[in-house]
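Inside the fold
Residue strings, one per chain:
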Amino acid sequence: MFPHFTTLIKIKREREREKEKENRSSMSPEEDKITRISIEPEKQSLLDHHTEKHFTAGEIVRDIIIGVSDGLTVPFALAAGLSGANASSSIVLTAGIAEVAAGAISMGLGGYLAAKSEEDHYAREMKREQEEIVAVPETEAAEVAEILAQYGIEPHEYSPVVNALRKNPQAWLDFMMRFELGLEKPDPKRALQSAFTIAIAYVLGGFIPLLPYMLIPHAIDAVVASVVITLFALFIFGYAKGHFTGSKPLRSAFETAFIGAIASAAAFCLAKVVQH
């Protein structure tokens with residue numbers, strides 16, 4: 001559990017370091033000196049000349065993956081199913097556009113509610129932790145000691161840290177939220193950002209399998225072009241997803257394309273069975 005907290009803190013520190021460097025660029029020499037005074041000069045010099053290459057846009061990428069993957073797969077399967085039922089391209093296109101619109105709204109709303117729930121959960125836990133720090137400070141201090149001890153820090157080493165945190169309630173609260181509960185403060189703009197990102201990604205992905213139906217009047221012919229275009233798009237999307245998420249890009253590409261192919265084939269065959 002705690003290695004996960006360490007990763008979160010490393011990413012958080014990198015973000016804070018980048019913001020700190022930006023703030024320093026607008027500071028006067030006197031203000032900058034005051035900011036640096038708590039850090040040894042040689043260590044500050046190392047920090048200034050070191051840039052860690054972490055990928056910190058995970059939430060946005062996650063929203064894009066959710067939106068595009070569903071946008072490519074669901075309208076694709078719907079179009080294939082209607083084509084299997086011998087519907088015309090105009091009917092397939094109309095139903096597909098309606099599904100893309102409804103799906104984008106639904107997915108965007110889901111992303112918004114999920115982000116708001118995370119924000120509400122953080123606020124509740126922070127309030128509870130604040131009350132515990134005031135009501136049972138000795139117990140909370142013991143929890144800090146326990147957390148540090150699990151990292152192999154000896155009592156004589158973590159005691160000054162515990163005492164320093166007790167003198168700074170806000171830092172103490174932040175420490176408990178991050179290390180005890182594993183929670184990072186959500187961005188207040190996260191809910192709307194997630195909703196729009198997922199919805200837009202869904203629309204962009206959803207129109208790809210519908211493009212052939214805009215150009216080819218016969219659905220049975222358009223479905224072939226739709227399959228080729230969509231599977232290619234799924235392959236490219238899967239490769240990009242693997243690249244950004246750290247998994248094997250080629251494996252991710254084939255898995256994503258395979259899932260899309262299975263979904264469309266199942267919808268097409270089911271439509272044929274129902275029709276007969």
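The structure contained in this document is the topic of the report that follows. (Residues numbered from 1 in each chain as written. Predicted model: local features only at pLDDT ≥ 70, side-chain atom pairs only at ≥ 80, totals over all residues. Heavy atoms only, no water.)

Right, let's talk about the side chain of T197 for a bit. Mapped onto the secondary structure, T197 falls in helix 9 (residues 190-206). Judged by its relative accessible area of 18%, T197 falls in the buried class. Here the side chain of T197 touches Q193 through a polar contact of 2.6 Å, landing on its backbone oxygen. Excluding anything up to four places from it in sequence, T197 contacts I60, D63 and I64. (Helix = DSSP H or I, 4+ residues; strand = E, 2+ residues; numbered from the N terminus. Buried < 20%, exposed > 50% of the residue type's maximum accessible area, 1.4 Å probe, protein only. Polar contact = N/O pair within 3.5 Å; in protein donor to acceptor, adjacent residues only side chain to side chain. Contact = heavy atoms within 4.5 Å.)

In total, this model carries 5 salt bridges according to the counting rule given. A salt bridge links D63 to R190, with the nearest nitrogen and oxygen atoms 2.8 Å apart. Residue D63 is found in helix 4 (residues 58-84), and its partner R190 is found in helix 9; the two are separated by 127 residues along the sequence. Residue D63 is classed as buried on the basis of its relative accessible area, which comes to 1%. Note that E138 is salt-bridged to R166, the shortest N-O span being 3.0 Å. With a gap of 28 residues between them, E138 in helix 6 (residues 137-149) and R166 in helix 7 (residues 155-166) connect regions that are remote in the sequence. Overall, the relative accessible area of 54% leaves E138 in the exposed class. A relative accessible area of 32% means that R166 is categorised as partly exposed. Among the charged side chains, a network of salt bridges with common partners joins R62, D63 and R190. (Salt bridge = Lys/Arg side-chain N within 4 Å of Asp/Glu carboxyl O.)

Turning next to a nonpolar patch on the surface. Judged by side-chain polarity, L192, F196, I200 and L204 come together as a nonpolar surface patch covering roughly 450 Å² of accessible area. You can see F196 is positioned in helix 9. (Patch = residues over 30% accessible without salt bridge, like charges linked within 9 Å, V, L, I, M, F, W, Y side chains within 5 Å. Areas by Shrake-Rupley, 256 points an atom, 1.4 Å probe, with all protein chains shown as cover.)

With that settled, the discussion passes to the packing of aromatic side chains. The relation between two aromatic rings is expressed through the spacing of the ring centres and the mutual angle of the planes. All told, the structure shown has 2 aromatic pairs when counted by the stated rule. Measuring from ring centre to ring centre gives 4.7 Å for F175 and F179, while their planes differ by 25°; the resulting arrangement is stacked. Linking F175 with F179, this pair stays in helix 8 (residues 169-180), spanning 4 residues, or about one helical turn. Look at F175 and you get buried, because its relative accessible area is 12%. (Phe/Tyr/Trp six-rings, centres within 6.5 Å; stacked < 30°, edge-to-face > 60°.)

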